[in-house]
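# An overview of the molecular structure
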Amino acid sequence: MRVRRCTVLFFELREEACFSLASLLAGGAGLSRVSRWLAIAPHLDHEVEVDAAQRELLGDLSPVEWLDTDVLSDHASGDLDLLLREGLVFADEQHTVDRERDDVLRASYWWPLAALIHRQSRWHGIDGVQAMHDNDLVTAERLRQRFGAPPAEVGEHVCTVRRLFLPRAAPNDLDDLLGRRATCRNFDDRSLSRELFAQMLQRVFSAQAQVRVSDDTVFLKKTSPSGGGLHSTEAYLVVQNVEGIAPGLYHYHPVDHALEPLPPPELPLAEFARLALAGQHWFANAPALVVLTPRFARSFWKYRHHAKAYRALVLDSGHLSQTLYLSATELGLGAFVTSAINEVDIERGFGLDPLVEGPLAICGFGWRAPSMETTEFDPAGMVWESRPEP
């Protein structure tokens, strides 16, 4: 049999504290500290605890060259069996799900650290709102009591000379629009018209123009900037309450300006929306939710194994969300963006491979409710004091 290890592998030395009666009786703190070596690989959803011998064996194996196991020592066979079962090592004649995931990673030009943080930071089944209530961290006052004061709201620098004060320009329509941009946490039950819904998608996600280098090399112009001009981020939608469009899951085609229907999730749509949003019920009833999902191969085609490629994709989602906010505000709609999402549940619902297409954030838009049931951050009173009638 010939074997090789997975393509990307990291080790973490993790120290954990546990109660120790012996320490307490001896006059100590009552804690004992245990260190463990954990093998972490982005093609796996779990960590694998390894001992020193297994760690060294992984170091002896190549991620590229196949090694005949006959050259390994006899005492390594047990360690090798464990590493094969855990998906850290593969046999050439065996084709497992873990090996398939590793093959996807090999072919996708991920920068290894970015692949690790993307895969390991995903949530599954988390209810972030319930966690805030359980830990009594719902209000800013409780956060202050629990954690003390935050860092100052402005970064102060020691100036060797007096500050140079700049002239303030008279506000115009754009300043007014920016001032009314606020996260909506109170959506009305009114349905969104098909025309407004289409206008939002056209403004934010559609291709405004194309640059065709060849038949298979095309670049799109959109209303938001994108790393390398690649526009790798796809829009997957949860349509809940839009006139003339059946509730369900969709993919948006930015060139044809069209929705592509997808199979429904296993859960009822409203439950899936709330699960995707990690329990944030104040967002979950928005008429339209948009999952911002990069296609990594599009970016990594240019930025291969690049340390900044993943960061650029995160920035792309930020650009798109701000464009969505401003477009919604101009149309009299409320909008939001959040990265507190259950990525694993979203991937399963839309049938996404996290190493190929991985959700980074969810935006949403719709009519703002007539009254504020959930607190919104509007310190200048631009939204709730002078909100225009739709």
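The rules behind these values
Position numbers for residues start from 1 in each chain and track the written sequence from start to end. At least 70 in pLDDT is required for a residue's local features to be given in this predicted model, at least 80 for side-chain atom pairs to be given and counted, and no such filter applies to totals for whole chains, interfaces and linings, which use all residues. The basis for every side-chain value is the complete set of heavy atoms in the structure, and neither hydrogens nor water enter the calculation. Only protein chains enter the accessibility calculation, which uses a 1.4 Å probe. A residue is then buried if its area is under 20% of the maximum for its type, exposed if over 50%, and partly exposed in between. Strands are runs of DSSP state E lasting at least two residues, helices are runs of H or I lasting at least four, and both sets are numbered from the N terminus onward. For two strands to count as paired, DSSP must find a minimum of two bridges between them. Interaxial angles span 0 to 180 degrees and are taken between N-to-C directions of axes, which are lines fitted to C-alpha atoms, for helices over the stretch in contact. Two residues qualify as a contact provided that any one of their heavy atoms is within 4.5 Å of a heavy atom in the partner residue. Note on aromatic contacts: the rings of Phe and Tyr and the six-membered ring of Trp form a pair at centre separations within 6.5 Å, being stacked when their planes are under 30 degrees apart, edge-to-face when over 60 apart, and tilted otherwise. The term salt bridge refers to a pairing of a side-chain nitrogen on Lys or Arg with a carboxyl oxygen on Asp or Glu at a separation within 4 Å. Distance and chemistry together define a polar contact, namely a pair of N or O atoms within 3.5 Å, with one atom able to donate a hydrogen and the other to accept it when in protein, and with adjacent residues in sequence counting only for side-chain atoms on both sides. Nonpolar core, defined: a set of buried Ala, Val, Leu, Ile, Met, Phe, Trp, Tyr and Cys residues in which side-chain atoms within 4.5 Å join the residues together.

## Regarding helix H7 (residues 140-147)
Judged by how many residues are buried, H7 sits mostly at the surface: 0 of 8 residues are covered. A positive backbone phi angle near 80° is found at Gly 148, which sits one or two residues after H7.

## Section: the sheet that holds strand E10 (residues 248-253)
Pairing in this open sheet of 6 strands is antiparallel, and the strands run E11-E10-E9-E12-E14-E13 from one edge to the other. The open sheet is flanked by strand E11 (258-261) and strand E13 (334-338), the only strands paired with a single partner. Pairwise comparison of adjacent strand axes, ignoring direction, gives a mean angle of 25° for this sheet. Where E13 and strand E14 (residues 361-366) come together, 5 bridges link them in antiparallel fashion. Paired with Gly 334 across the bridge in E14 is Gly 366. Sitting on the sheet, helix H13 (residues 309-330) touches strand E9 (233-239), strand E12 (288-294), E13 and E14, and the angle it makes with E13 is about 165°.

## Some remarks on the sheet that holds strand E4 (residues 48-50)
Whenever strands of a sheet pair, they do so through backbone hydrogen bonds, lying parallel or antiparallel. Taken in spatial order, the 3 strands make up an open sheet running E2-E3-E4, and their pairing is antiparallel. Across the chains shown, the open sheet's two edge strands, defined by having one partner strand only, are strand E2 (10-19) and E4. Ignoring strand direction, the axes of neighbouring strands in this sheet form an average angle of 45°.

## Overview of the environment of Ala 273
Here Ala 273 shows up in helix H10 (residues 269-276). Since its relative accessible area comes to 0%, Ala 273 is described here as buried. Linking Ala 273 and Ala 286, residues 13 residues apart in sequence, is a C-alpha distance of 9.3 Å. Ignoring anything within four residues of it in the chain, the contact list for Ala 273 reads Gln 240, Ala 284 and Leu 289.

## Section: the packing of aromatic side chains
This model, assessed by the stated rule, comprises 12 aromatic pairs. An angle of 80° between the planes, with centres 6.2 Å apart, marks the rings of Trp 282 and Phe 283 as edge-to-face. Residue classification places Trp 282 among the buried positions, given a relative accessible area of 10%. Owing to a relative accessible area of 3%, Phe 283 belongs among the buried residues under this scheme. Arranged with centres 5.9 Å apart and planes meeting at 20°, the rings of Phe 296 and Phe 300 form a pair that is stacked. Placement of both Phe 296 and Phe 300 in helix H12 (residues 296-300) is noted, with a separation of 4 residues, approximately one turn of the helix. Grouping residues by exposure puts Phe 296 and Phe 300 together as buried. Put simply, the rings of Trp 110, Phe 296, Phe 300 and Tyr 310 touch in pairs and so form one group of aromatic residues.

## A few points about the pairing of E12
Extensive coverage of E12 is indicated by the burial of 7 of its 7 residues. Side chains Ala 288, Val 290, Leu 292 and Pro 294 of E12 all project onto a buried face; the interleaved residues Leu 289, Val 291 and Thr 293 project onto the opposite face, where all are buried too. Strand direction decides the pairing type here: E9 and E12, joined by 7 bridges, are antiparallel. If you follow Ala 235 over to E12, its bridge partner there is Leu 292.

## Section: the pattern of salt bridges
Counted by the stated rule, this structure contains 19 salt bridges. The partner of Asp 353 in a salt bridge is Arg 101, with the nearest N and O atoms 2.4 Å apart. Here Arg 101 lies in helix H4 (residues 97-106) and Asp 353 lies in the loop between helix H14 (343-350) and E14, a separation of 252 residues in the sequence. Since its relative accessible area comes to 15%, Arg 101 is described here as buried. Across the salt bridge formed by Arg 190 and Asp 188, the nearest N and O atoms sit 2.9 Å from each other. Each of Asp 45, Arg 119, Arg 122 and Glu 347 takes part in a single network of salt bridges with overlapping partners.

## Side note on unusual backbone geometry
A positive phi angle is found at Tyr 109, which is not glycine, with a value near 65°. In this structure, Tyr 109 sits in the loop between H4 and helix H5 (112-120). The backbone of Asp 136 sits at a positive phi, close to 55°, despite the residue not being glycine. With respect to the helices, strands and loops of the structure, Asp 136 is situated in the loop between helix H6 (128-134) and H7.

## Some words on the side chain of Asn 186
Take Asn 186: it is sitting in the loop between helix H8 (173-180) and helix H9 (194-205). When its relative accessible area of 5% is taken as the criterion, Asn 186 is described as buried. From its side chain, Asn 186 meets the backbone nitrogen of Glu 373 in a polar contact 2.8 Å long.

## A word on the nonpolar core
If you look at the biggest cluster of nonpolar residues, it comprises 51 residues, and the most contacted ones within it are Phe 197, Phe 205 and Phe 365. Of all the elements, H9 adds the most residues to this core, at 6 residues. Those residues in contact with Phe 197 that sit more than four places away from it in its chain are Leu 192, Leu 237, Val 239, Val 242, Ile 245, Leu 259, Ala 288 and Phe 365. Counting residues in hydrophobic clusters, the runner-up holds 19 residues, among them Ala 41, Ala 76, Leu 80 and Ala 91.

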